[in-house]
Amino acid sequence: MESHLSQLIRFINTTASPIFLTGKAGTGKTTFLKNIGHYTHKNFIVVAPTGIAALNAGGVTIHSQFLLPPMTFVPERSVSIADPGRVVDQQTLARKHPLNSARKQVLRAIDLLVIDEVSMLRADLLDAIDYRLKAARGNFREPFGGVQVLFIGDLYQLPPIIARGEESLMRQYYQTGWFYEAHALRNEPPVYYELTKIYRQHDADFITLLNHLRNNTVTPEDIDRLNQQYQPAVDNDILPGVITLTTHNYKADEINQRELRKLSSPAHFFEARIEGEFPESMYPVQVRIELKEGAQIMFTRNDTDEAKAYVNGQLATVIKIGSGEIEVQMAGSGERYTLTRERWENKRYINHAASHVLEEEVIGTFEHYPIKLAWAITVHKSQGLTFDRALLDVGQAFAPGQVYVALSRLRTLQGLILRSRIPASAISTDAQVAAFALEHHRPERLPAVMKEKQRQFIQGLVDRTFDFAPLEKEISYVKKDEPDFLDDTLKPVLTQLAERLASERTNTQTFTRQLHDLLRTDTPKLFERLSRGREYYLAFLWDTQALLLHHLETVKQQKRVKTYLNQLTELDQQLTRKITEVDRLHEVVASIVEDRETMDVKSRDQARVEKREALLASLRNTLPTTARVKTSKRKTAKKPTEDTRSTYDVTLDLLKAGKTIAEIAAERSLTVGTIEGHLAKAIEAGRLDVYALVNEDEQTEIKRAINTLPDAFTSKQLYEALAGKYGYGKLKAMMAWITRDKSTA
């Protein structure tokens with residue numbers, strides 16, 4: 001791995017500082033994002049401002065994850081708002097758009113929030129994220145509630161959109177709409193980290209010209225060189241193998257439809273296959289694609305097959321449609337290729353109910369040919385794509401920065417065709433963005449900055465790890481809503497938990513002071529104390545959790561306790577996280593102090609999951625399964641009996657009743673992938689044999705693919721190794737079964 005990436009990874013893993021990862025087009029930002037799961041031990045989620053951006057990033061939209069309404073956010077507790085339908089403040093957000101327990105648990109589970117395509121991220125939206133994280137985590141002392149944020153994007157791309165009616169209100173709180181103006185970043189601006197090696201272009205002269213465009217330092221010689229690519233239009237001619245970059249959607253659509261109508265071959269229509277939840281804003285291609293032989297198309301994603309026959313943005317021409325197949329000829333190489341449908345997944349992040357491990361759940365799928373008509377495309381939609389040849393008409397009133405965005409899509413300057421000459425006035429980038437980059441891009445200072453941020457990180461980690469006050473506060477909050485059970489044996493449990501934690505208050509304060517002293521004076525003794533402290537506090541916390549889990553499992557057998565049960569689950573999650581912090585602290589501190597490249601926490605993480613599973617299994621075996629203790633709540637009109645089974649248990653019971661996976665999915669109005677995910681969890685917990693979900697031939701094929709992967713592979717890597725042949729549910733089931741098989745061998 002390159003040294004500059006190693007430094008970036010260490011910034012992420014050994015500090016809590018916000019980071020802005022940027023770089024020119026083609027420097028590898030997207031590649032880094034796709035592989036971040038291999039680089040960090042931190043729990044993270046990926047979000048983006050739009051549905052398509054989220055789909056491309058492998059994440060979810062900001063608005064869906066944080067449940068934010070499409071309004072202007074005012075970063076104040078409460079304000080008098082003339083138009084409440086278009087503006088929301090903190091109080092209104094909390095009261096009218098509250099987070100449910102599931103979303104809170106996800107936000108409490110993360111250490112790192114990754115936001116992609118931040119050129120589209122508005123400052124007010126980032127402040128709304130800041131408020132949501134603070135509220136969900138009960139931490140208003142630190143920006144983003146103590147979560148580290150990694151911003152990824154290029155501010156020299158297209159800017160965030162501020163509607164005309166929002167401008168005056170936004171100016172009251174922000175100098176500009178760019179994300180870095182957010183109040184959440186005022187006391188700690190992000191560490192500016194720029195990738196500099198360009199992978200898209202290799203022509204040094206073209207790279208220099210693009211840098212001049214980007215930095216507002218264009219020379220007359222640059223303009224002359226660009227205008228050498230001018231070729232006047234002849235009757236709106238469209239050149240084969242060339243894509244036209246336009247400024248507006250209507251213009252691109254007009255060109256594409258005009259060229260399609262010119263073709264005399266018959267039209268063919270192809271429909272998408274959509275399952276589950278997949279909102280229209282996330283559709284990666286049109287639901288109904290119209291094609292003719294001779295049509296110019298563009299691939300909209302990289303080939304997931306091992307052959308890698310195409311890449312995102314590659315042009316081709318349809319040469320044959322028939323017998324259910326579409327054959328195309330690649331621009332440039334002339335190679336022929338038969339199209340196959342690809343699958344896109346809409347997912348959400350969940351906190352696993354039993355293990356409190358952060359997971360992804362597929363909630364919808366979209367299957368279609370990964371193509372679109374491509375005689376023309378907007379500059380905005382071309383971001384992230386690479387073209388060999390493109391036609392550009394700067395006379396179309398390009399906005400500031402659009403010329404740079406358009407030109408940076410090309411591999412070479414020779415691939416550019418201008419339909420009008422470029423005047424110097426058409427080339428400009430945002431002066432405020434340039435000023436921000438000039439102020440914060442200080443690569444020579446990064447080593448010193450990292451040392452200081454690491455020191456702050458360790459100090460904060462020590463303080464937070466042995467601070468049980470948030471747990472005590474949560475218990476106090478839950479006790480207010482504790483049901484009035486007639487059976488008094490259930491009442492004292494929360495009091496016992498609070499007393500246990502309070503009894504350690506003096507010890508933890510003394511221990512924390514000792515660690516801070518040793519950080520400055522005696523590293524060997526520091527590690528010794530950390531090791532002994534880990535043993536003591538893990539034993540203490542596991543005993544505390546056993547008490548809580550016993551109470552939680554008992555309460556599950558009661559009626560009309562849903563709210564209380566959710567509160568107990570959130571408390572259990574916080575206690576689980578505290579155990580994780582204590583267990584990891586020694587390794588994290590040692591890796592920073594010893595300046596190690598790697599941090600080995602995965603084996604400990606797995607051991608904790610297994611210990612918790614064993615503890616739960618033991619508790620459930622000791623509890624009665626049918627007895628229910630009545631509550632003293634007043635009787636109301638009789639309602640239909642509520643099914644208190646978990647969603648996983650419902651699926652498992654239907655399978656045991658003889659229904660197929662497809663039948664269960666239809667009956668429950670869920671996707672097949674979701675049902676497979678439920679059964680995978682049952683296999684992981686030892687409640688179902690793997691053969692119920694994965695037959696022998698499938699097991700053989702999946703095992704063969706696993707053998708080609710590194711030890712610490714992810715389900716996504718396995719999915720890609722099998723070219724998407726099997727859903728994540730089957731793959732996770734196999735992974736869980738293999739892990740369980742090894743542990744019992």
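Structure: see above.
Residues numbered from 1 in each chain as written. Predicted model: local features only at pLDDT ≥ 70, side-chain atom pairs only at ≥ 80, totals over all residues. Heavy atoms only, no water.

Caption draft 1: Molecular detail of the overall build of the chain. Looking only at helices and strands, the chain features 27 helices and 22 strands. Each of the three principal axes of the chain carries a C-alpha extent, and together these read 90 × 65 × 60 Å. Counting only residues that meet the buried cut, the chain has 50% of its 745 residues in that class. Contacts in the chain between residues far apart in sequence, at least 24 positions, make up 73% of those at least 6 positions apart. Accessible area for the chain stands at about 35,700 Å²; split by element, carbon and sulfur atoms hold 49% of it. Between the averaged position of the 99 positive side-chain charges in the chain and that of its 96 negative side-chain charges there is a distance of 4 Å. (Helix = DSSP H or I, 4+ residues; strand = E, 2+ residues; numbered from the N terminus. Buried < 20%, exposed > 50% of the residue type's maximum accessible area, 1.4 Å probe, protein only. Contact = heavy atoms within 4.5 Å. Areas by Shrake-Rupley, 256 points an atom, 1.4 Å probe, with all protein chains shown as cover. Lys, Arg positive; Asp, Glu negative; His and termini not counted. Charge placed at Lys NZ, Arg CZ, Asp CG, Glu CD.)

Caption draft 2: Representation of the nonpolar core in the model. Residues L113, I115 and F151 are the most contacted members of the largest nonpolar core, which totals 100 residues. Ranked by residue count, the leading element in this core is helix α8 (residues 123–137), at eight residues. For F151, the contacting residues outside a window of four places in its chain are P18, I19, F20, L21, I115, V118, L121, L126, F144, F179, L185 and P190. (Core = buried A, V, L, I, M, F, W, Y, C linked by side-chain atoms within 4.5 Å.)

Caption draft 3: Spatial organisation of the packing of helix α17 (residues 493–503) against helix α19 (residues 523–555). For the pair α17 and α19, interaxial distance at closest approach is 10 Å and the crossing angle is 170°. The angle between the axes of α17 and α19 places the two elements in the roughly antiparallel class. Contacts between α17 and α19 involve V493, Q496, L497, R500 and L501 on the former and, on the latter, F540, D543, T544, L547, L548 and H551. When its residues are assigned to classes, the contact of α17 with α19 shows six nonpolar, three polar and two charged. (Axes fitted to C-alpha atoms, helices over the stretch in contact; angles between N-to-C directions. Parallel < 35°, antiparallel > 145°, perpendicular 65-115°, else oblique. Nonpolar A, V, L, I, M, F, W, Y, C, P; charged D, E, K, R; others polar.)

Caption draft 4: Just the pattern of salt bridges, in detail. Within the structure shown, the criterion is met by 39 salt bridges. Here D583 ties to R608 by a salt bridge, and the two come within 2.7 Å at their closest N and O atoms. With a gap of 25 residues between them, D583 in helix α20 (residues 562–593) and R608 in helix α21 (residues 602–622) connect regions that are remote in the sequence. Here D583 falls in the buried class, since its relative accessible area comes to 4%. Looking at R608, the relative accessible area reads 11%, which means it is buried. Each of R534, D583, R584, R604, D605 and R608 takes part in a single network of salt bridges with overlapping partners. (Salt bridge = Lys/Arg side-chain N within 4 Å of Asp/Glu carboxyl O.)

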